[in-house]
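Here is how the chains run, residue by residue.
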Amino acid sequence: MANTPQSKKRARQAERRYAVNKARRSRIRTFLRKVEEAIASGDQTAAAEALKTAQPELMRGVTKGVMHKNTVARKMSRLSSRVKALKA
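Residues numbered from 1 in each chain as written. Predicted model: local features only at pLDDT ≥ 70, side-chain atom pairs only at ≥ 80, totals over all residues. Heavy atoms only, no water.

J.: Any chance you could explain the environment of Arg 78 here in plain terms?
T.: Relative to the helices and strands, Arg 78 resides in helix α3 (residues 69–87). Looking at Arg 78, the relative accessible area reads 54%, which means it is exposed. For the pair formed by Arg 78 and Val 35, sequence separation is 43 residues and the distance between their alpha carbons is 12 Å. (Helix = DSSP H or I, 4+ residues; strand = E, 2+ residues; numbered from the N terminus. Buried < 20%, exposed > 50% of the residue type's maximum accessible area, 1.4 Å probe, protein only.)

J.: Where do I start with helix α2 (residues 44–63) in this structure?
T.: Under the 1.5 Å per step criterion, the end-to-end length of α2 is 29 Å for 20 residues, consistent within 8% with the ideal 28 Å. Most pronounced at Ala 54, the bend in α2 amounts to some 25°, and the proline Pro 56 follows within four residues. All buried positions along α2 are accounted for by Ala 47, Ala 50, Leu 51, Ala 54, Glu 57, Leu 58 and Gly 61. Here the buried face of α2 lies against α1 (5–41) and α3. (Expected span 1.5 Å × (residues − 1). Bend = angle between axes of the 7 residues up to and from the residue. Contact = heavy atoms within 4.5 Å.)

Purely geometric stuff here, so don't read any function into it on its own.
See the structure below:
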């Protein structure tokens, strides 16, 4: 348990940050799930549109420090190649 005023404040800040980051991660996962569902349905235009809306959310996760940039780059690359493969 935190004893000093500084450690108590840090504990409060960590709690707040945890809640914010958890909400951000959840929001990103929702966008990714929508892309996955569009790919699974086989609709190329819907999948491309879902990917287009998911991309800024993923990038925002990087700038906010919730996700690593290489992780997001890898996810975007794999999703875009899967969306592109629907056309063929």
